[in-house]
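These are the residues of each chain, in order.
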Amino acid sequence: MNKPLSAFVPLVAALLLAGCAVGPDYARPELDLPQAWSSRGEAGAAQAVPADGAGERWWTLYGDPTLDRLIDEALAHNADARIAAARVLEARALAGIADADRYPSVTAGLSGNRSQSSLRGAMPRPDDLPRIQNSYRGTLDVAYEIDFWGKYRRASEAARADLLAAESAREAVRLSLTAQVAQQYFALLAADAQE
């Protein structure tokens, strides 16, 4: 082999391998949060959020059955809330598909065939050969692609991130809708009181 050419082979191999690199693992950014809350803030937060975890239904803190009914009706019949819920289901299905690529795929098949020979023909049929023949075939195929470069692992991580984003968007739509209904309801009560 030519001496100058053999010096470039390791360089070309290194460049090819570097081009296949996927990238570093995702690391959540560090947030500068306070180490402790003030005691006055903790007491207010303990009173604001019930111990039974009703933060999801925060408007029940007002104890107004009319408001509860209005918000339940708005959540049941709002198109944006339905779309957000459908997007969560879609993202969950896509995450399942992305996860499925990481595992082996197995396919199986069964087939049957029945044939009957003619009594008449150009070539005589041997007497020991049955006239009706049945044949059956079964197949089992297993395929697996090694995730050598991390392609499927990264796709699964991305699909999980999309699912979390869809769930957060659904909760944002829900929170915005309930806040708007409560705000309008209390504005109506205030207008009635002024009248």
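Residues numbered from 1 in each chain as written. Predicted model: local features only at pLDDT ≥ 70, side-chain atom pairs only at ≥ 80, totals over all residues. Heavy atoms only, no water.

1. Observations regarding the confidence of the model for the protein
Then comes step 1: Looking at the protein, pLDDT values average 84 and 85% of them are 70 or higher.
Then comes step 2: Model confidence for the protein, summarised as mean pLDDT per element, is weakest for helix 2 (residues 39-48) at 52 and strongest for helix 4 (residues 79-100) at 94. (pLDDT = per-residue confidence, 0-100. Helix = DSSP H or I, 4+ residues; strand = E, 2+ residues; numbered from the N terminus.)

2. Considering the side chain of aspartate 99
Then comes step 1: Position of aspartate 99 among the secondary structure elements: in helix 4.
Then comes step 2: Those residues within four positions of aspartate 99 in sequence are excluded, and the remaining contacts are Ser156 and Arg160. (Contact = heavy atoms within 4.5 Å.)

3. Details of the packing of helix 4 against helix 5 (residues 151-194)
Then comes step 1: The geometry of helix 4 relative to helix 5 is characterised by a closest axis approach of 8 Å and an angle of 165° between their N-to-C directions. With respect to each other, helix 4 and helix 5 are oriented roughly antiparallel. The crossing of helix 4 and helix 5 is left-handed. Residue-level inspection shows Asp80, Ala81, Ala84, Ala85, Arg87, Val88, Ala91, Arg92, Leu94, Ala95, Ala98 and Asp99 of helix 4 in contact with helix 5, the latter providing Ala155, Ser156, Ala159, Arg160, Asp162, Leu163, Ala166, Glu167, Arg170 and Val173. (Axes fitted to C-alpha atoms, helices over the stretch in contact; angles between N-to-C directions. Parallel < 35°, antiparallel > 145°, perpendicular 65-115°, else oblique. Left-handed = near helix turned anticlockwise from the far one by under 90°.)

4. Things to note about the nonpolar core
Then comes step 1: Trp59, Leu67, Ile71, Leu75, Leu177, Val181, Ala182 and Tyr185 form the largest nonpolar core, which has 8 residues in total.
Then comes step 2: Mapped onto this core, the elements with two or more residues apiece are helix 3 (65-77) and helix 5.
Then comes step 3: It is helix 5 that contributes the most residues to this core, 4 residues altogether.
Then comes step 4: With residues near it in sequence (within four places) discarded, leucine 75 still touches Trp59, Ala81, Arg174, Leu177 and Thr178. (Core = buried A, V, L, I, M, F, W, Y, C linked by side-chain atoms within 4.5 Å. Buried < 20%, exposed > 50% of the residue type's maximum accessible area, 1.4 Å probe, protein only.)

5. Here we look at the pattern of salt bridges
Then comes step 1: Under the defined criterion, the tally for this structure stands at 5 salt bridges.
Then comes step 2: Here arginine 160 ties to aspartate 99 by a salt bridge, and the two come within 2.3 Å at their closest N and O atoms. Of this pair, arginine 160 sits in helix 5 while aspartate 99 is found in helix 4, placing the two residues 61 residues apart along the sequence.
Then comes step 3: Aspartate 99 sits in the buried class, given a relative accessible area of 16%.
Then comes step 4: The closest approach of N and O atoms between arginine 154 and glutamate 157, which form a salt bridge, is 3.3 Å. Of this pair, arginine 154 and glutamate 157 are both found in helix 5, 3 residues apart, which corresponds to roughly one turn of the helix.
Then comes step 5: A residue is classified by how much of its surface remains accessible, and arginine 154, at 18% relative accessible area, is buried. (Salt bridge = Lys/Arg side-chain N within 4 Å of Asp/Glu carboxyl O.)

6. Details of the packing of aromatic side chains
Then comes step 1: Under the criterion given, the structure shown has 5 aromatic pairs.
Then comes step 2: When the centroid spacing of 5.9 Å and the interplanar angle of 85° are considered together, the rings of tryptophan 58 and tryptophan 59 count as edge-to-face.
Then comes step 3: Here phenylalanine 148 and tryptophan 149 contribute two aromatic rings whose centre-to-centre distance is 4.7 Å and whose plane-to-plane angle is 80°, an arrangement assigned as edge-to-face.
Then comes step 4: Tryptophan 149 gets classed as partly exposed once you look at its relative accessible area, which sits at 39%.
Then comes step 5: Feature note: the residues Trp58, Trp59, Tyr62, Tyr185 and Phe186 constitute an aromatic cluster, connected by ring pairs. (Phe/Tyr/Trp six-rings, centres within 6.5 Å; stacked < 30°, edge-to-face > 60°.)

7. Some points on the pairing of strand 1 (residues 105-116)
Then comes step 1: Of all the 12 residues making up strand 1, 0 are buried; the element is thus mostly uncovered.
Then comes step 2: Sheet topology note: the strand 1/strand 2 (residues 132-143) ladder contains 12 bridges and is antiparallel. Within the sheet, the bridge partner assigned to valine 106 lies in strand 2 and is valine 142. (Pairing = 2+ DSSP bridges.)

8. Description of a nonpolar patch on the surface
Then comes step 1: Together, Phe8, Leu11, Val12, Leu15 and Leu16 make up a nonpolar patch on the protein surface, roughly 530 Å² of accessible area in all.
Then comes step 2: Positionally, valine 12 belongs in helix 1 (residues 3-19).
Then comes step 3: The exposure class assigned to valine 12 is partly exposed, which follows from its relative accessible area of 45%. (Patch = residues over 30% accessible without salt bridge, like charges linked within 9 Å, V, L, I, M, F, W, Y side chains within 5 Å. Areas by Shrake-Rupley, 256 points an atom, 1.4 Å probe, with all protein chains shown as cover.)

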